[in-house]
Amino acid sequence: MNLLLLKQLTILSAFAGALLGLLGVVSYPTFVFSILILILALATIVLVYLKQNDLIGIINVKEGCIFGAIIGFISFLGFSAVFAPISMLLGWLVPSYTLGWLRFFMGGFGTFVVMLFLIIFMAGISALFNGFGGLVTAYVYELITGIKKENNQQSSVDFKL
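Residues numbered from 1 in each chain as written. Predicted model: local features only at pLDDT ≥ 70, side-chain atom pairs only at ≥ 80, totals over all residues. Heavy atoms only, no water.

Our focus in this paragraph is a nonpolar patch on the surface. A cluster of nonpolar side chains, namely Phe-132, Val-136, Tyr-139, Val-140, Leu-143 and Ile-144, defines an oily patch on the protein surface of about 550 Å² accessible area. One can find Val-136 in helix 5 (residues 109–154). On the basis of relative accessible area, Val-136 is assigned to the partly exposed category, the value being 34%. (Patch = residues over 30% accessible without salt bridge, like charges linked within 9 Å, V, L, I, M, F, W, Y side chains within 5 Å. Areas by Shrake-Rupley, 256 points an atom, 1.4 Å probe, with all protein chains shown as cover. Salt bridge = Lys/Arg side-chain N within 4 Å of Asp/Glu carboxyl O. Helix = DSSP H or I, 4+ residues; strand = E, 2+ residues; numbered from the N terminus. Buried < 20%, exposed > 50% of the residue type's maximum accessible area, 1.4 Å probe, protein only.)

This is the structure:
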């Protein structure tokens, strides 16, 4: 596996997760929107971005699945690293701001450990869904490029003598 591509995927997905974490702090509807994008479609967005800017070559379905899982896991960790501290800080400053489930984690060390386990569990779920999204994206790209190659071969002007 290409280590440079892996570094690019890690940095890009952590940046996208952090951006969605900042967006999620704004209000509850943006939180729901950012979670849905983060868990369901971020791998597709990142892979299409990389493909359009020619930063990634031809990938097969297996690589698309692996890349999608990496994108999903790292982006959720980036989201949590940005969203949780800002949300807890705002919850301490403005008590009416905090989401109900996050108020539980403002306790001691035990609740912090539970929060870490939940973050890792949700990152695994995000990796699973984004792995499937990466698989579908790679399959669609293979299908599209296969159709384009067939069309170009049929319209070629080569003659066999």
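Having seen the model, we can carry on.
All right, on to the packing of helix 1 (residues 3–26) against helix 2 (residues 28–52) then. Running from N to C, helix 1 and helix 2 point in directions that differ by 155°, and their axes come no closer than 10 Å. As far as their axial angle goes, helix 2 and helix 1 are roughly antiparallel. In the packing of helix 1 onto helix 2, the handedness of the crossing is right-handed. Touching Leu-9, Leu-12, Ala-16, Gly-17, Leu-20, Leu-23, Gly-24 and Val-26 of helix 1 are Thr-30, Phe-31, Phe-33, Ser-34, Ile-37, Leu-38, Leu-42, Val-46, Tyr-49 and Leu-50, all from helix 2. (Axes fitted to C-alpha atoms, helices over the stretch in contact; angles between N-to-C directions. Parallel < 35°, antiparallel > 145°, perpendicular 65-115°, else oblique. Left-handed = near helix turned anticlockwise from the far one by under 90°. Contact = heavy atoms within 4.5 Å.)

We now examine the packing of helix 1 against helix 3 (residues 61–93). In contact at an axis separation of 7 Å, helix 1 and helix 3 are set at 35° when each is read in the N-to-C sense. Here the hand of the crossing between helix 1 and helix 3 comes out right-handed. When grouped by side-chain class, the residues that make up the contact of helix 1 with helix 3 number 17 nonpolar, seven polar and no charged. (Nonpolar A, V, L, I, M, F, W, Y, C, P; charged D, E, K, R; others polar.)

So, on to the confidence of the model for the chain. For the chain, per-residue confidence averages 82 on the pLDDT scale, and residues scoring 70 or more make up 80% of the total. Confidence scores differ between elements of the chain, with helix 4 (residues 100–103) showing the lowest mean pLDDT of 56 and helix 2 the highest of 92. Confidence drops under a pLDDT of 50 for residues 148–153, and excluding neighbours within four residues, the segment shows zero contacts in the predicted structure. (pLDDT = per-residue confidence, 0-100.)

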